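Residue-level listing of the chains:
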Amino acid sequence: MITEWTPSERIVLSKNPYYVGGWDSSKIVSDTITLLLLEDSSASYAAYNSGEAQLVKDVPTDEIPSLTRAEDGGDFYLDEIMGTYYISLNDQEEPFTDVRVRKALSLAIDRDYVANTIMQGIYTPATALVGPGIVDNEGYFMDNANGGEPYIGDDYEANLEEAKQLMAEAGYPDGEGFPTITYSANDAGYHIPVAEYLQQAWGELGITMNIDKVEWSSFIPMRRAGDYDISRNGWSMDYNDPSNMLELFTTNNGNNDGKYANPAFDQVIEDSRVADKAAHFEKLHEAEDILMNDAACIPVAYYNDFWLQSPSLKGTWHSPYGYWYLQYGYIEG
């Protein structure tokens, strides 16, 4: 039960006295759980180091190289989750209405550099929208996508040359005539360092890009309204079926921030809503083929969760959907 709520400071949860004798109630040993509402990662890190917090899920990125992983006896945890960090393009606005431009912007990104250098190996390079851990009727969906081949090859130099050719075909050789564009992101985690990298990467195509740092409270409404050129985006799965991510891009989906609209894609998603598993996943593979061919969004990296957890905190666990389960947690000693 919520017994205290101080806005922008804390929420205190207390054991429900009316749940005595309820399912598993005997395993709930802590009387209270305090959630610290700290938006700034440096404040979270300070609270952890002072002992005020025993678990923080927002770690300053510049501290990560100095932390010791849990598998090596430390308190820094890294766990794969089912989700993808991607870029939304405003597909209804020029020049992003041209699929050649969208593909060029995607191909000009060195995903290995983003994931392993900028993101310090915390995330994994993404070559498709649907990532690891998500199943189909024959195994993992990602392994069976695109005939078993990645949609985006790992030869960055070859990709960049193809991107330059696509820009020329679209009427923007070496970026000539291409408008100045703006990339919107909130200032947390790796979002701004990724944006700064994109300035340089798309500069290779002759594109000038500005960065718009948007407060979190304004960022989601702005993106949902389509009030942007290009924006950082992402999705963590709610259930283990690729439809959970692919359906985001249907024309009237409320989370279709890029305003992508393709009747063929919509129809294939509709056709996937059948009980027959083989037919269901066959249509979802077809849907991803369409989406990736259209460059409806730009997959960049697959998510992993990373957090600090005190050795004294026991009984908690983290799921591949990105949730922490604290109800059985307790402090040892």
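Residues numbered from 1 in each chain as written. Predicted model: local features only at pLDDT ≥ 70, side-chain atom pairs only at ≥ 80, totals over all residues. Heavy atoms only, no water.

Some points on the packing of helix H2 (residues 99-107) against helix H5 (residues 156-169)
Each pair of packed helices can be summarised by the angle the axes make with each other and by the distance between the axes. This is how it is decided: Note on geometry: axes are C-alpha line fits, over the in-contact stretch for helices, and angles between N-to-C directions span 0 to 180 degrees. In this text, helices come from DSSP runs of H or I with a minimum length of four residues, and strands from runs of E with a minimum of two, each type numbered from the N-terminal end. The cut-offs work like this: below 35 degrees is roughly parallel, past 145 is roughly antiparallel, 65 to 115 is roughly perpendicular, and the gaps in between are oblique. Definitions for this section: a left-handed crossing has its near helix turned counterclockwise from the far helix by less than a right angle. A right-handed crossing has that turn clockwise. Any pair of residues with heavy atoms lying within 4.5 Å of one another is described as a contacting pair. Note on residue classes: Ala, Val, Leu, Ile, Met, Phe, Trp, Tyr, Cys and Pro are nonpolar, Asp, Glu, Lys and Arg are charged, and everything else, Gly too, is polar.
Running from N to C, H2 and H5 point in directions that differ by 155 degrees, and their axes come no closer than 8 Å. Taken together, the axes of H2 and H5 are roughly antiparallel relative to one another. Seen from above, H2 lies across H5 with left-handed handedness. Seen from H2, the contacting residues are Arg100, Lys103, Ala104 and Leu107; seen from H5, they are Tyr156, Asn159, Leu160, Glu162, Ala163, Leu166, Met167 and Glu169. Of the residues contributing to the contact of H2 with H5, the split by class is seven nonpolar, one polar and four charged.

Some details on the packing of aromatic side chains
Test applied: Planes of paired rings set the category: under 30 degrees apart is stacked, over 60 is edge-to-face and the rest tilted, where pairs are Phe, Tyr or Trp rings (Trp by its six-membered ring) whose centres lie within 6.5 Å.
Overall, the coordinates contain 14 aromatic pairs when judged by the stated rule. A ring pair is formed by Tyr113 and Tyr197, whose centres lie 5.5 Å apart and whose planes are at 40 degrees; its orientation type is tilted. Of this pair, Tyr113 sits in helix H3 (residues 111-118) while Tyr197 sits in helix H6 (residues 191-203), placing them 84 residues apart in sequence. Every member of this aromatic cluster is reached through a ring pair, and the members are Phe76, Tyr85, Tyr123, Tyr190, Tyr303 and Phe306.

Looking at the packing of helix H9 (residues 263-271) against helix H10 (residues 277-294)
Two elements in contact, H9 and H10, have axes separated by 8 Å at closest approach and are oriented at 165 degrees. Relative to H10, the element H9 lies roughly antiparallel. Every pair of crossing elements has a handedness; the one defined by H9 and H10 is left-handed. Residue-level inspection shows Ala264, Phe265, Val268, Ile269 and Asp271 of H9 in contact with H10, the latter providing Lys283, Leu284, Glu286, Ala287, Ile290 and Leu291. Split by residue class, the contact of H9 with H10 holds eight nonpolar, no polar and three charged.

Looking at the pattern of salt bridges
Counted only if it meets this: Put simply, a salt bridge is a Lys or Arg side-chain nitrogen that is within 4 Å of an Asp or Glu carboxyl oxygen.
One pass over the structure, following the stated rule, counts nine salt bridges. Here Lys27 and Asp24 are joined by a salt bridge, their closest N and O atoms 3.6 Å apart.

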